[in-house]
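Coordinate inspection notes
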Amino acid sequence: MPVTGSLLITRIGELVTNAPDDDAGGSAEGAGPGRFAVIRDAALIIEGDRITWTGPSSRAPAADEVVDAAERAVLPGFVDSHAHLVFAGERSAEFAARMAGRPYAAGGIRATVAATRAATGAELRAGLHRLAVEMLRQGTTTFECKSGYGLTVADEARSVALAAEITPEVTYLGAHVVPAEFDGDAGAYVDLVCGAMLDACAPHSRWVDVFCERGAFGADEARAVLTAGRARGLIPRIHAGQLGPGPGVRLAVELGAASADHCTFLTDADVDALAAVAPAAPAAATASAAPPASAAAGTVATLLPGAEFGTRQPYPDARRLIDAGVTVALASDCNPGSSYTSSMPFCIALAVRDMHMTTSEAVWAATAGGAHALRRTDVGYLAPGARADLIILDAPSHTYLAYRPGVPLIHAVYRSGKLVQP
Ligand SMILES: [Zn+2]
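Note that this is a predicted model, so its numbers are computed, not measured.

1. Looking at the overall build of the chain
Secondary structure assignment for the chain yields 14 helices and 17 strands. Against the 2.2 N^0.38 benchmark of 22 Å for 422 residues, the chain shows a C-alpha radius of gyration of 21 Å, consistent with a compact globule. Taken along its principal axes, the extent of the C-alpha atoms in the chain is 70 × 45 × 45 Å. Of all 422 residues assigned to the chain, the portion counted as buried reaches 56%. Of all intrachain contacts in the chain linking residues separated by at least 6 positions in sequence, the fraction that spans at least 24 positions is 73%.

Listed below in C-alpha cells is the structure:
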C-alpha cells in the first residue's frame, strides 16, 4: 500500500547521498550529513517535505506518484553558506578595470553602500528575489544572506529584515567596511555596530559576521563585534584571510565560529587551529573530506573560489586544509564587487580544476560542507529524515558538474519535496 502523497523518484543512475551511515536508509535519522557516498541504480521516496527511503531501484517500495529519472544523477540541493544578496547597483566597470590590471581593494564596497542606501525597499526586495530565483535555477536550495551594504542602523535593519523574508540563514554584517562618514573614527563605528545597530538587527538574524582584513576591521574590533553578537544569541562567522594573512582564522576558532570564510592566505598556525577543532576524520575515509555526522562541532573553512576568479588572486590551498582534516565548504560569495556569480556548479568546477579538489570532495563541500558551515542537520544529504531538497542533473554522474563547466545541467530541482524547477 503506497503512502498517501508519496513520491518515488526511480531509475536514478547515481544518487549522491552523503548519508550519515555507510548504507543509505540507516538508523542515524536526523543526524545530519555524513561522508560523500553514492548509490548506483537508485531510487528514493519523498513524503511531505522529507526523504523517507533511499536504496536500489529494484527494491523501491510503491508510491502514489512516480518520476523516472532516466539514469540521471540525483544530488542534494546545493547549500550556499556565503552570499551577499541585499544590494543595489552593480560594479561591472570596476571588474573590467581590474581585469585590465588594477588590483582589488576593499574600498569598492562603498560604491555599493551608496547605491543600496539610495534604493527603495521595493527595489532591494526585487533584486533579492531575482537572485534567489537565479540560485534556485542552478540547484541551490539553501542559502545564507548577509547584510553589509547599509551600514547605518536603519539601512542594516532594512537589509536583514528583507533577507529574513527569503531565508532563515540571515547574517548581520554591519562590520563589512567602515563607512565614509566614520573615516578616521573606526572605533565609533565599531561601537555603533556593537550597540544600536546590533539591537536593530539581532531580531532578524541568526549569524554575526565581520570582515577581518587589513583595510576593514582588525582583530580587536572583530572580537568586539563577534562577542557582542554572541551575547545577543547570534552565532559568529568571519571573513578571514581573503587579501592577506591575518588574525581572522584563529579568532574564528577562539570564538567557536561556525565558519572561517575565504581562507585564501593561511599560516601554519591557522591550519593547525582549524584542524584542532575539526571533528576527527572517520577511520575509513578515502576520497572524502567528510567529518562524522556532527554539524555542531568545529569551525568550517569555507572556500569562495568565485572571489579569486573575480579578483584574479591565487586560489586557497584546499588540499592542505583537507589533508589536515579540516572540514571544507564551498560557497559562491555572490556579491556585486568581487564575485558576481550565484552558481555553485561554477564554484565546483573551479575547485576541481584550480584547487585540486576531487569531484566528490567538491560536490560534498557544496552540499554537506555548506550544511556544516550553517550548522544544519536537515540539508546537504539525502537519507531518511533529511529535507527533500534535491537536484536531478541532466547527466549521469556528479562529475559532470566539473567535466562540463558552464553548461546548464540542472534538469529539475525539488525543495521541501516540491518540484520548484523547471
Ligand atoms: Zn563575503
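2. A closer look at the nonpolar core
Among the nonpolar cores identified, the biggest contains 137 residues, and V74, I348 and A351 are the most heavily contacted of them. Viewed by domain, this core spans two of them, domain 1 (7-76 + 381-421) and domain 2 (79-373), each represented by three or more residues. When residues no more than four places from it in sequence are discounted, the contact partners of I348 are L330, A362, V363, A366, L401 and A402.

3. Section: the domain arrangement of the chain
Splitting the chain by domain gives domain 1 (7-76 + 381-421) and domain 2 (79-373). Computed over C-alpha atoms, the centres of domain 1 and domain 2 are 28 Å apart. Facing 26 residues of domain 1, the contacting portion of domain 2 comprises 25 residues. Where the side of domain 1 that touches domain 2 is concerned, the elements lending two or more residues are β5 (73-76), α14 (400-403), β16 (410-415) and β17 (418-421). Here the side of domain 1 that touches domain 2 takes three residues from β16, the largest share from any one element. Residues belonging to the side of domain 1 that touches domain 2 are distributed by class as follows: 17 nonpolar, six polar and three charged.

4. Considering helix α13 (residues 359-373)
Relative to the 21 Å expected for 15 residues at 1.5 Å per residue, α13 spans 19 Å between its end C-alpha atoms, a close match to the ideal helical length. Along α13, the helix axis deviates most sharply at A365, where the bend reaches about 45°. Most of α13 sits inside the fold, with 15 of its 15 residues counted as buried. Residue R375 follows α13 closely and has a positive phi angle near 50°.

5. A word on unusual backbone geometry
In this structure, P422 follows Q421 across a cis peptide bond, with omega equal to 0°. Counting through the fold element by element, P422 comes out in the segment after β17. Phi is positive for H262, which is not a glycine, with a value near 95°. We classify H262 as buried; it has 29 C-beta atoms within 10 Å. In this model, R375 sits at a positive phi of 50°, which is unusual for a non-glycine residue. On the secondary structure map, R375 appears in the loop between α13 and β15 (390-393). On the basis of neighbour counts, which here come to 19 C-beta atoms within 10 Å, the residue R375 falls in the partly exposed class.

Definitions and cut-offs
- Residues numbered from 1 in each chain as written.
- Predicted model: local features only at pLDDT ≥ 70, side-chain atom pairs only at ≥ 80, totals over all residues.
- Helix = DSSP H or I, 4+ residues; strand = E, 2+ residues; numbered from the N terminus.
- Rg over C-alpha atoms; globule rule 2.2 N^0.38 Å.
- Buried ≥ 20, exposed ≤ 12 C-beta atoms within 10 Å, placed from the backbone.
- Contact = placed C-beta atoms within 7 Å.
- Core = buried A, V, L, I, M, F, W, Y, C linked by C-beta atoms within 7 Å.
- Domains from an automatic or database assignment.
- Nonpolar A, V, L, I, M, F, W, Y, C, P; charged D, E, K, R; others polar.
- Expected span 1.5 Å × (residues − 1).
- Bend = angle between axes of the 7 residues up to and from the residue.

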